[in-house]
Amino acid sequence: MTYQADEQRYERQPYNRSGRSGLKLPVVSLGLWHNFGDNRPIENSRAILRRAFDLGVTHFDLANNYGVPYGSAERNFGRIFHEDFAGYRDELVISTKAGFDMWPGPYGEWGSRKYVLASLDQSLQRMGLDYVDIFYSHRPDPETPLEETMGALDRAVRSGKALYAGISNYSAEQTTQAARIMRELGTPLLIHQPSYSMINRWIEDGLLDALEEAGMGCIVFSPLAQGLLTDRYLNGVPADSRAATSRFLNADRIDVALARDLNEIAKGRGQTLAQMALSWTLRDPRVTSVLIGASSVRQLEDNVACVDGPAFTEDELQAIDKVTGPALSAR
């Protein structure tokens, strides 16, 4: 059946301006890291993407090496895009990144001009797109001059293959330096994508201030701490959970008592633990959007419902700090 987007989609999601730019992003964006590779049924991926757009989620976030195997998330997204979303291209913000390992040899990762621009060409080919809306440097390269990496992002925008440039996983100091270089090149950085959650608060120690000063937006990933801040682990570690099966999350990190305490606060707010965790990351106006992952339409709907949650009271924020600890966490 031909997909037709819900006519009420823009009534269901708030949109925030990214820094001092003209671009608005949905408060909740969809990340395609874990659930859109060849190891997942493509019809499930299609259903998630369709429902997301119907709920007003206009931003889909990818990277060159997302999916199993690498590149499969972009390839599968490209197939679904051309079958379902091609007519809505101008209503979508599509992003991708280059920085982590993608192909063998010395030119297959990090931040050289050769790698960054070759990766963008490959990403566009996999997705069948003429351009992406946002192209990121996925991580800083300790051996390549920042001027070279930023120069590659500038070139990507000037070539028309990207509309905006962003960075991810950069420290506050690196962000300030990168923003200065890009301003001098004439292509201001649009946005930064860092990790952030109730138990990983490193961006509060300077990065948010640096972004505000630079006029950049902030879109956060891992707001649920790879599932730690959900009801998945309230009674221990299920055998089929990410903590038990994924290399990205260690079962030893699971703090059941912490999750239970936070869940009680969420109940008092009329939210699930996941919804509260998402709402919490958005409490600071400098956070433009929060990236969620979804393995099912139901999970997507539950998470997007965080936009309907109440504002936090001072007592609630203090209670959360008491449970998680006010100390800032490392990345």
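Residues numbered from 1 in each chain as written. Predicted model: local features only at pLDDT ≥ 70, side-chain atom pairs only at ≥ 80, totals over all residues. Heavy atoms only, no water.

Chemist: Describe the pattern of salt bridges, and please don't skip the residues or the numbers.
Modeler: The full count for this structure, using the stated rule, is 24 salt bridges. The partner of Arg286 in a salt bridge is Asp209, and the shortest N-O contact between them spans 2.7 Å. With Arg286 in the loop between α9 (273–281) and β10 (289–292) and Asp209 in helix α6 (residues 207–214), this residue pair connects regions lying 77 residues apart in the sequence. Between Glu264 and Lys267 there is a salt bridge, with the nearest N and O atoms lying 3.4 Å from each other. (Salt bridge = Lys/Arg side-chain N within 4 Å of Asp/Glu carboxyl O. Helix = DSSP H or I, 4+ residues; strand = E, 2+ residues; numbered from the N terminus.)

Chemist: Tell me about the pairing of strand β7 (residues 162–168), residues and numbers included.
Modeler: In terms of burial, β7 is a largely internal element, 5 of the 7 residues being buried. With 3 bridges joining them, β7 and strand β8 (residues 191–193) adopt parallel strand pairing. Within β8, the residue paired with Ser168 across the bridge is Gln193. (Buried < 20%, exposed > 50% of the residue type's maximum accessible area, 1.4 Å probe, protein only. Pairing = 2+ DSSP bridges.)

Chemist: If you had to explain the environment of Tyr66 to someone new, which residues and values would you point to?
Modeler: Within the secondary structure, Tyr66 is located in the loop between β4 (59–61) and α2 (72–85). In the structure, Tyr66 is positioned 29 residues away from Gly37 in sequence and 7.3 Å away in space, judged by C-alpha atoms. The contact partners of Tyr66, leaving out residues within four places of it in the chain, are Leu32, Trp33, Asp61, Gly71, Ser72, Ala73, Lys97 and His138. (Contact = heavy atoms within 4.5 Å.)

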